[in-house]
Amino acid sequence: MCGIVGYIGAKNCIPILVGGLRRLEYRGYDSAGIGVLSQGKALVVKSVGKVSVLQDKLDKLSISSSIGIGHTRWATHGVPNETNAHPHVNEKNSLMLIHNGIIENYAALKETLKLAGYVFKSDTDTEVLAHLIDSFLNKGLTLFNSVRAALNEVEGTYGIAVIFENEPDKIVVAKKGSPLVIGIGDNENYIASDVSALVAHTQQVVYLEDGEVVEVYKDKFIAKDVSDKEIVKKVQEITLKLDEISKGGFQHFMLKEIMEQSESICNSMRGRLVPTEGTSKLGGIEEYADRLAQSKRIIISACGTSYHAGLVGEYMFEQFAEIPTEVEYASEFRYRNPIIYPEDTVIFISQSGETADTLAALKESKRRGALCIGICNVVGSSIARESHAGVYIHAGPEIGVASTKAFTSQLIVLSLITLLIARKKRMSLIDGQNVVSEIEHLPEKIESILRLNDGIEKIAEDFKDAKNFLYLGRGYNFPVALEGALKLKEISYIHAEGYPAAEMKHGPIALVDKMMPVVFIAPRDSTYEKILSNIQEVKARHGRIIAIASESDDKINDLVDYTIKVPDTIRMLMPILTVIPLQLLAYHIAVKKGLNVDQPRNLAKSVTVE
Ligand code: F6R
């Protein structure tokens, strides 16, 4: 989704801004722009499409400046074009502003500003902010006070950065509901919506909290909270390294991230298993472990792939932790006036830790007194900071828009939480030790699945022209069917649906003919025989079948057109293995269709608007 970068110091900011915008490309965007002070005057350059187009424009202009802001825009209000791209300016062209988020009352503010004589050029909600700030500057307020006064009138979410010609020594930034971080350098400072835009320059960062407005100078920054009180902000060290956010020789980030799953799940479990006691140790929730185990109910709230991980978590918690569990789309949960009791635990799963709906659901649950636990990947993210307690999945930066390694790491963390609760309840030491041992063996099993990559690529060749796909699974593997379908549709734009296999006969079977590929997730478990019956039903209607099956299964080959075998493990961990061939299948189909797998159309990595 939209990205923000900024620089103030002694260097030429143009390459820094463009480099930062490139690092933010993975978030998804459709236009880009920068605003700098060039010889004391505000200068804005914008383009539609990729950052490389902006770069070409800038190369021709050969501008140099030591203060500037840059933005990638993912259209919400108004089509992607240069006029709607950021920065937006005031009428005198002396103020430049970039904005992530949505100004909800922009229409009313726009009407008032129009009555006051302001003329609007774009269709965006952001331009309202530029004129609103200008209206306070005209009353003689400083930039800082004008920004604050303007934000007092705004409803919605924002991360903003503003530069004003008359106060050329500072960038004013503010945050509410949209992440913003300051990077501290030596006699220079940076701003960004995401630390990945900063790692090339500094490891020292300051995360802004909602309601804070900050003046960033080259050698200091002054932060104030909503009540105009100056606040002392903590400088934190980020551990992210530059090579972690590069492709490392792979053609795409998505492939790199699929291929590193044996390692990323190791990082998720490192130091957290206690084999002698057949349990897990999770420092982030230790203090709340008993309360969690005594919860009357667990609610898991998330979006997209993280929601699918939550569905697997539901099976785990109900089977082993013996706690009734519900899984809710965060977007529905937050507006449904949910009944939440103080004895409930609500778990929020989010790779980015910034998803607007999940964050809002978290705030609502906190307000209603439930214990709120976050399962996030991005350290220091909003959901991680807002939760009472949490467990990082430590999957490492996920840059490909389609989530892959975060999903398997989320499942590892859910299995560790399950183990922790189950061992406090009725799971025996032997059973706990068995789960620990199965978790420990997952990395080598994943390695063996990844070695099937070439074979899966061949299967992809046969299916790249399909128009529809069905994914069917039961029990723990029903959420995997949903996830496999989501992966395919988001990067290959092929329509795909995931279903519980038994539901097929209640509708989707009408779709099955020789043109319909059906992917069955059919490992040998308690529902295996029933899945075989479903396979027969599809076969009888000439559907083309791909089965994800257990290594030990030699019966299934004769029934289906293609088989991808995965090693066996206990049921609760099977999704961590069965999902990987589906990630690879989606990846190869999209590559064969010539599509941009890392930045699929219309999608954003971090969905910071509703
Ligand atoms: C799918 C995908 C999205 C995200 C969803 C939630 O591949 O990446 O569906 O899973 O937008 O994002 P997070 O986990 O960051 O809250």
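Thresholds applied
Residues numbered from 1 in each chain as written. Predicted model: local features only at pLDDT ≥ 70, side-chain atom pairs only at ≥ 80, totals over all residues. Heavy atoms only, no water. Helix = DSSP H or I, 4+ residues; strand = E, 2+ residues; numbered from the N terminus. Rg over C-alpha atoms; globule rule 2.2 N^0.38 Å. Areas by Shrake-Rupley, 256 points an atom, 1.4 Å probe, with all protein chains shown as cover. Lys, Arg positive; Asp, Glu negative; His and termini not counted. Charge placed at Lys NZ, Arg CZ, Asp CG, Glu CD. Axes fitted to C-alpha atoms, helices over the stretch in contact; angles between N-to-C directions. Parallel < 35°, antiparallel > 145°, perpendicular 65-115°, else oblique. Contact = heavy atoms within 4.5 Å. Nonpolar A, V, L, I, M, F, W, Y, C, P; charged D, E, K, R; others polar. 1 Å grid on protein atoms, 1.4 Å probe; cavity = no way out; pocket = protein on both sides within 12 Å on 5 of 7 lines; lining within 4 Å. Points joined across faces, edges and corners; volume = space filled by probe spheres on them. Near = heavy atom within 4 Å. Polar contact = N/O pair within 3.5 Å; in protein donor to acceptor, adjacent residues only side chain to side chain. Sits in = over half its atoms within 2 Å of the grid points. Domains from an automatic or database assignment. Buried < 20%, exposed > 50% of the residue type's maximum accessible area, 1.4 Å probe, protein only. Arc of directions from axis to C-beta. Pairing = 2+ DSSP bridges. Phe/Tyr/Trp six-rings, centres within 6.5 Å; stacked < 30°, edge-to-face > 60°. Lys NZ or Arg CZ within 6 Å of the ring centre and 35° of its normal.

## Here we look at the overall build of the protein
Inference 1: Scanning the protein from N- to C-terminus turns up 19 helices and 27 strands.
Inference 2: The globule rule puts the C-alpha radius of gyration for 610 residues at 25 Å, and the 25 Å found for the protein is close to it.
Inference 3: Overall, the protein is about 80 × 50 × 45 Å in size when its C-alpha atoms are taken along their principal axes.
Inference 4: Summing over all exposed atoms, the protein offers an accessible surface of approximately 23000 Å²; the carbon and sulfur share of this is 50%.
Inference 5: Charged side chains in the protein number 68 positive and 77 negative. The centres of these two groups are separated by 1 Å.

## Let's talk about the packing of helix α13 (residues 405–424) against helix α14 (residues 429–440)
Inference 1: Where α13 contacts α14, the two axes come as close as 10 Å, and the packing angle between them is 170 degrees. Put simply, α13 runs roughly antiparallel to α14. Each of I412, S415, L416, L419 and R423 in α13 lies in contact with α14, whose residues at this interface are L429, G432, V435, V436 and I439.
Inference 2: Within the contact of α13 with α14, the residues separate by chemical class into seven nonpolar, two polar and one charged.

## Observations regarding empty space enclosed by the protein
Inference 1: By the definition in use, this model includes two cavities of 30 Å³ or more.
Inference 2: C2, R73, W74, T76, H86, H99, G101, T124, D125 and T126 are the residues that line the largest cavity.
Inference 3: Looking at the lining of the largest cavity residue by residue, the classes come out as two nonpolar, six polar and two charged.
Inference 4: As for the second largest cavity, its lining consists of V5, G6, Y7, I16, L17, G20, Y190, I191, A192, A197, L198 and H201.

## Here's the deal with the site of the ligand
Inference 1: The environment of the ligand is made up of 15 residues, and the closest members are S306, S350, S352, T355 and E490.
Inference 2: Between the ligand and S306, the relevant distance is 2.6 Å, taken from an oxygen atom to a side-chain nitrogen or oxygen of the residue.
Inference 3: Between the ligand and the protein, one listed contact pairs an oxygen atom with a backbone N or O atom of V401 at 3.3 Å.
Inference 4: Bound to the protein, the ligand loses 90% of the 410 Å² it would expose on its own.
Inference 5: Comparing atom positions with the cavity grids shows the ligand to sit within the second largest pocket.
Inference 6: Breaking the shell around the ligand down by element, the ones donating at least two residues are α9 (304–321) and α17 (478–492).
Inference 7: Residues that form the shell around the ligand fall into these classes: five nonpolar, eight polar and two charged.
Inference 8: A domain split of the shell around the ligand shows at least three residues from each of domain 2 (263–440) and domain 3 (450–601).

## Thoughts on the domain arrangement of the protein
Inference 1: Segmenting the protein into domains produces domain 1 (2–244), domain 2 (263–440) and domain 3 (450–601).
Inference 2: Taken over C-alpha atoms, the centre of domain 1 sits 44 Å from the centre of domain 3.

## Overview of unusual backbone geometry
Inference 1: With an omega of 5 degrees, the peptide bond between H86 and P87 qualifies as cis.
Inference 2: Assignment of secondary structure puts P87 in the loop between β4 (67–73) and β5 (88–89).
Inference 3: One non-glycine residue, S62, lies in positive phi territory at about 35 degrees.
Inference 4: For S62, the location among the structural elements is in the loop between α2 (51–61) and β4.
Inference 5: Positioned with a positive phi, H394 is a non-glycine residue whose angle comes to about 50 degrees.
Inference 6: By secondary structure assignment, the location of H394 is in the loop between β22 (389–392) and α13.
Inference 7: On the basis of relative accessibility, which here comes to 36%, the residue H394 falls in the partly exposed class.

## Here's the deal with helix α3 (residues 106–115)
Inference 1: Burial in α3 covers these residues: L109, K110 and L113. Considered in projection along α3, the buried side chains sweep an arc of 100 degrees and stay on one side of the axis. Summarising the geometry of α3, the exposed residues directed more than 90 degrees from the buried face are A108, T112 and L115.
Inference 2: The secondary structure elements touched by the buried residues of α3 are α4 (126–137).

## A few points about the sheet that holds strand β8 (residues 171–176)
Backbone-to-backbone hydrogen bonds pair the strands of a sheet. The strands run either parallel or antiparallel.
Inference 1: Strand order in the open sheet made by the seven strands is β5-β6-β7-β8-β12-β13-β14, with antiparallel pairing throughout. Two strands close off the open sheet at either side, each with one partner strand: β5 and β14 (230–231).
Inference 2: Examined bridge by bridge, strand β7 (residues 158–164) and β8 share five bridges and lie antiparallel to one another. In the sheet register, V162 faces β8, and the bridge partner there is V172.

## Comments concerning the packing of aromatic side chains
Inference 1: Counted by the stated rule, this structure contains six aromatic pairs.
Inference 2: For the pair Y307 and Y329, a centre-to-centre distance of 3.7 Å together with 15 degrees between the ring planes defines the contact as stacked. Within this pair, whereas Y307 is found in helix α9, its partner Y329 is found in strand β19 (residues 325–329), the two being separated by 22 residues in sequence.
Inference 3: On the accessibility criterion, Y307 (10% relative accessible area) is buried.
Inference 4: For Y329, a relative accessible area of 40% corresponds to the partly exposed category.
Inference 5: An aromatic cluster is defined as three or more aromatic residues linked by ring pairs; in this entry it consists of F463, F469, Y471 and Y562.
Inference 6: Across from the ring centre of Y217, 4.7 Å away, lies the NZ or CZ of K220, which sits over that ring.
Inference 7: A cation over a ring is seen here: R601 above Y493, with NZ or CZ 3.9 Å from the ring centre.

## Regarding the sheet that holds strand β24 (residues 495–500)
Inference 1: Ordered in space as β24-β23-β25-β26-β27, the five strands form an open sheet in which the pairing is parallel. Sheet topology places β24 and β27 (562–566) at the edges, where each strand pairs with a single neighbour. Between one strand and the next, the sheet's axes are offset by a mean angle of 15 degrees, whatever the strand orientation.
Inference 2: As judged from the five bridges shared by strand β26 (residues 544–550) and β27, these two strands associate in the parallel manner. Across the sheet, I546 pairs through a bridge with Y562, a residue of β27.
Inference 3: Relative to the sheet, α17 contacts β23 (468–473), β24 and β25 (517–522), its axis offset from that of β24 by approximately 175 degrees.

## Structural notes on the packing of α9 against α17
Inference 1: Taken N-terminus to C-terminus, the directions of α9 and α17 make an angle of 170 degrees; their axes are 9 Å apart at the nearest point. Judged on the interaxial angle alone, α17 and α9 are roughly antiparallel. Contacts from G304, T305, H308, L311, V312 and Y315 of α9 reach α17 at F478, P479, L482, E483, L486 and K487.
Inference 2: Partitioned by chemical class, the residues of the contact of α9 with α17 number seven nonpolar, three polar and two charged.

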